[in-house]
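Breakdown of the fold
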Amino acid sequence: MQASLFADEELVLPEGMRFTAGFLSAADEARWLDVIRAIELHVVRYKQYVARRRSAAFGGRFDYDTNTLREAPPIPPELQPLREQVAAWLGIEPERFTQLLVAEYRPGTPLGWHRDAPDFESIVGVSLAGSALMRLRPYPPPAGPSKAVRHLELPPRSAYVLEGPARWTWQHSIAETRELRYSISMRTARGAAPLLR
């Protein structure tokens, strides 16, 4: 782990989080960008709020109006090789990932503090095209000003895993993006066995 990758020089990742900066090659990144640019993305709505992100969900779509997981189209065959690559990195079967989300962050797009929907267990995120600053803080957040927030730069072609304590006892957010960025995140079903060994 290289300290220069982190906004905080002494950053220690929360327990249950893994990060790698060079998960994809430049050629792989170009391939996946071609694939996801052909996918129809939709504006994300959170109850009365319209987010600046656009996304497409496969294998399950969380309905924020009813707080329930709804049906969604299956993961496209074109994205199966990426699911297989992520699974090989973690030493698991690709079928463990039951949901995949493609998200577009235009410049200036934030993602507020949250934990992912409770229907999912482990989360993997792959960054494409642009960098992002991920912020992490304990959940529930401490009252008042806190130095507990950690900052992790997510460069293009990087990947991270959130599970266990990092998944359930920490929140994360994305600061306003400086450039166009895409993310592909994959999730396992609630109650699934851990990805990290």
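Whatever comes next refers back to the structure up there.
Bear in mind that the values here come from a model prediction, so they are computed numbers and not experimental data. (Residues numbered from 1 in each chain as written. Predicted model: local features only at pLDDT ≥ 70, side-chain atom pairs only at ≥ 80, totals over all residues. Heavy atoms only, no water.)

Describing the environment of Ala159
Within the secondary structure, Ala159 is located in strand β11 (residues 159-162). Along the chain, Ala159 and Ser127 lie 32 residues apart, while their C-alpha atoms are 6.4 Å from each other. (Helix = DSSP H or I, 4+ residues; strand = E, 2+ residues; numbered from the N terminus.)

Some details on the nonpolar core
Ranked by size, the top nonpolar core spans 29 residues in total, and within it Ile36, Leu79, Val86, Phe97, Val102 and Ile184 carry the most contacts. Apart from the residues within four sequence positions on either side, Val102 is in contact with Ile36, Ile39, Leu41, Arg54, Ser55, Ala56, Phe58, Leu79, Ser183 and Ile184. Within the second largest apolar cluster, 17 residues are counted, among which are Leu13, Phe19, Leu154 and Leu162. (Core = buried A, V, L, I, M, F, W, Y, C linked by side-chain atoms within 4.5 Å. Buried < 20%, exposed > 50% of the residue type's maximum accessible area, 1.4 Å probe, protein only. Contact = heavy atoms within 4.5 Å.)

Topic: the sheet that holds strand β1 (residues 17-20)
Through backbone hydrogen bonds, the strands of a sheet pair up, either in parallel or in antiparallel fashion. Taken in spatial order, the 7 strands make up an open sheet running β1-β11-β8-β13-β6-β3-β2, and their pairing is antiparallel. Looking at the sheet topology across the chains shown, the edges are occupied by β1 and β2 (42-46). Taken pair by pair, the neighbouring strands of this sheet meet at an average axis angle of 25°, ignoring direction. (Pairing = 2+ DSSP bridges. Axes fitted to C-alpha atoms, helices over the stretch in contact; angles between N-to-C directions.)

Overview of helix α2 (residues 80-90)
Along α2, the positions that sit buried rather than exposed are Leu82, Arg83, Val86, Ala87 and Leu90. Down the axis of α2, the sector holding all buried residues measures 140°, keeping them to one side. Two residues or fewer past α2, Gly91 is found with a positive phi of approximately 70°. (Arc of directions from axis to C-beta.)

Structural notes on the environment of Gly112
Among the secondary structure elements, Gly112 is positioned in strand β7 (residues 111-114). Residue Gly112 is classed as partly exposed on the basis of its relative accessible area, which comes to 46%. Distance from Gly112 to Arg45, taken between C-alpha atoms, is 13 Å for residues 67 residues apart in sequence.

Some remarks on unusual backbone geometry
Here Tyr139 and Pro140 are connected by a cis peptide whose omega angle stands at 0°. Residue position: Pro140 is located in the loop between β9 (132-138) and β10 (150-154). Backbone geometry places Ala129, a non-glycine residue, at a positive phi of 75°. Following the sequence through the fold, Ala129 ends up in the loop between β8 (120-128) and β9.

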